[in-house]
Amino acid sequence: MREEIQKIKEDTLAQLTKLTSSEELQELKVRVMGKKGSLTSLLKQMGQLSAEERPKMGQIVNELRTQLEDAWDKKWREFEKNALESRLREERIDISLPGYSLPQGHQHPLSKVIEEIEDIFMGMGFTIAEGPEIETDYYNFEALNLPKDHPARDMQDTFFITEDILLRTQTSPVQIRTMEKQRPQLPVKIIAPGKVFRNDDDATHSPMFHQVEGLLVDKGVRMSDLKGLLLYFSRQMFGESREIRLRPSFFPFTEPSAEVDVSCMLCGGAGCRLCKGTGWIEILGAGMVHPHVLEMGGYNPKEVTGFAFGMGVERIAMLKYGIEDMRLLFDNDIRFLEQF
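Residues numbered from 1 in each chain as written. Predicted model: local features only at pLDDT ≥ 70, side-chain atom pairs only at ≥ 80, totals over all residues. Heavy atoms only, no water.

## Considerations on the overall build of the protein
For clarity, the cut-off: Numbered from the N terminus, helices here are DSSP runs of H or I no shorter than four residues, and strands are runs of E no shorter than two. Computation of the radius of gyration draws on C-alpha atoms, with the globule rule given as 2.2 Å multiplied by the number of residues to the power 0.38. Each residue's exposure class comes from its accessible area (1.4 Å probe, protein chains only) as a fraction of the maximum for that residue type: buried when under 20%, exposed when over 50%, partly exposed otherwise. In what follows, a contact means two residues having at least one pair of non-hydrogen atoms within 4.5 Å. Areas reported here follow the Shrake-Rupley algorithm with a probe of radius 1.4 Å; residue values treat only the protein chains shown as occluding.
If you tally the helices and strands in the protein, you get eleven helices and nine strands. In terms of overall dimensions, the protein is more spread out than a globule: its C-alpha atoms have a radius of gyration of 44 Å, far above the 20 Å expected for 340 residues. Here the C-alpha coordinates of the protein stretch approximately 130 × 45 × 40 Å along the principal axes. Out of the 340 residues in the protein, the part that is buried amounts to 38%. Across the protein, contacts joining residues at least 24 apart in sequence account for 65% of those joining residues at least 6 apart. Surface summary for the protein: the accessible area is close to 19,900 Å², and the carbon and sulfur share equals 51%.

Pasting the structure below:
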């Protein structure tokens, strides 16, 4: 029996060195230690041994079993390691290759222009004020010196929710709300950027668009101060060689009022297609705050004066970037936005 045990040991260890897969290893283990395996068959013959030989042979068989199990475990770990290394080689990611880059986003031209306008006026000491987009008739019209029968109240121009609630048609209500909060403190020096709404839609108009309005109320404020401020703004926005002119106009909330033109940035004032041969392009409206509006805001028009101005952001952007159709600003076409 000792010879048979030794033969099983030598044959099994020799075969282990030739195995190439975990499947072959499992088959060998079954042939040796399975129910019908060679070592199991040998153990069944133990009963034929004498009482003295049986413990000795039992110890030898157990030592062989332990030795073979250690050898199988070692071989099994070797196969697992080789399988893992093979998988890592097959699934290897070559980090030396460039990755997939995400496309770079672009800031919307309207956002760029609003930020530029804010930077210019904040540099002159203005602060930014905001107000609700859903307004009352009082703040949108009455407090701004627009009576009940004013054309701006036409249902075809204004989005009314009820007789007294509407979508604001301008950011001017922010001026009244700010004066009410700040009175009697001076100066009141704000710009009010934001969305406004009017029932209009074509190549140069949109039902929703953006405005920036400005207000300065203090003692001794003059029309010349307004002109100097708007000249500085125009040169910062459109170039240092720009000039401006003020044309008499009418706005219910300012008196006197003016339309403000800037010298054409394309021809420099000589006359071209952009300025329709005049050399000038209208950019905003402005004027001295009407005494009634000052009173509605809580200030005495005999003690203080002020000026106000308002511009459409879309118009400024179209002039600055040479955009001919306002609808391009709202189409969200990547090909268009990538230019900015």
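## Examining helix H7 (residues 173-182)
Three or more residues of H7 are buried, namely Pro173, Val174, Gln175, Ile176, Thr178 and Met179. On its buried side, H7 packs onto strand S2 (134-136), helix H6 (137-140), strand S4 (188-197), strand S5 (208-218), helix H9 (291-296) and strand S9 (305-312).

## Considering the sheet that holds S5
Rule in force here: In short, DSSP must find at least two bridges between two strands for them to pair. Only C-alpha atoms enter the line fits that serve as axes; for helices the fit covers just the stretch in contact. Angles between N-to-C directions range over 0 to 180 degrees.
What the seven strands build is an open sheet, ordered S1-S4-S5-S9-S8-S7-S6; its pairing is mixed. Lying at the two open borders of the sheet, with one neighbouring strand each, are strand S1 (127-128) and strand S6 (244-251). Strand direction decides the pairing type here: S1 and S4, joined by two bridges, are parallel. Directly across from threonine 127, in S4, lies its bridge partner isoleucine 190. Its contacts with the sheet place helix H5 (residues 109-122) against S1, S4, S5 and S9, and it is angled at close to 165° to S4. Along the sheet, helix H10 (residues 313-321) contacts S5, strand S8 (280-289) and S9; its crossing angle with S8, the most-contacted strand, is approximately 145°.

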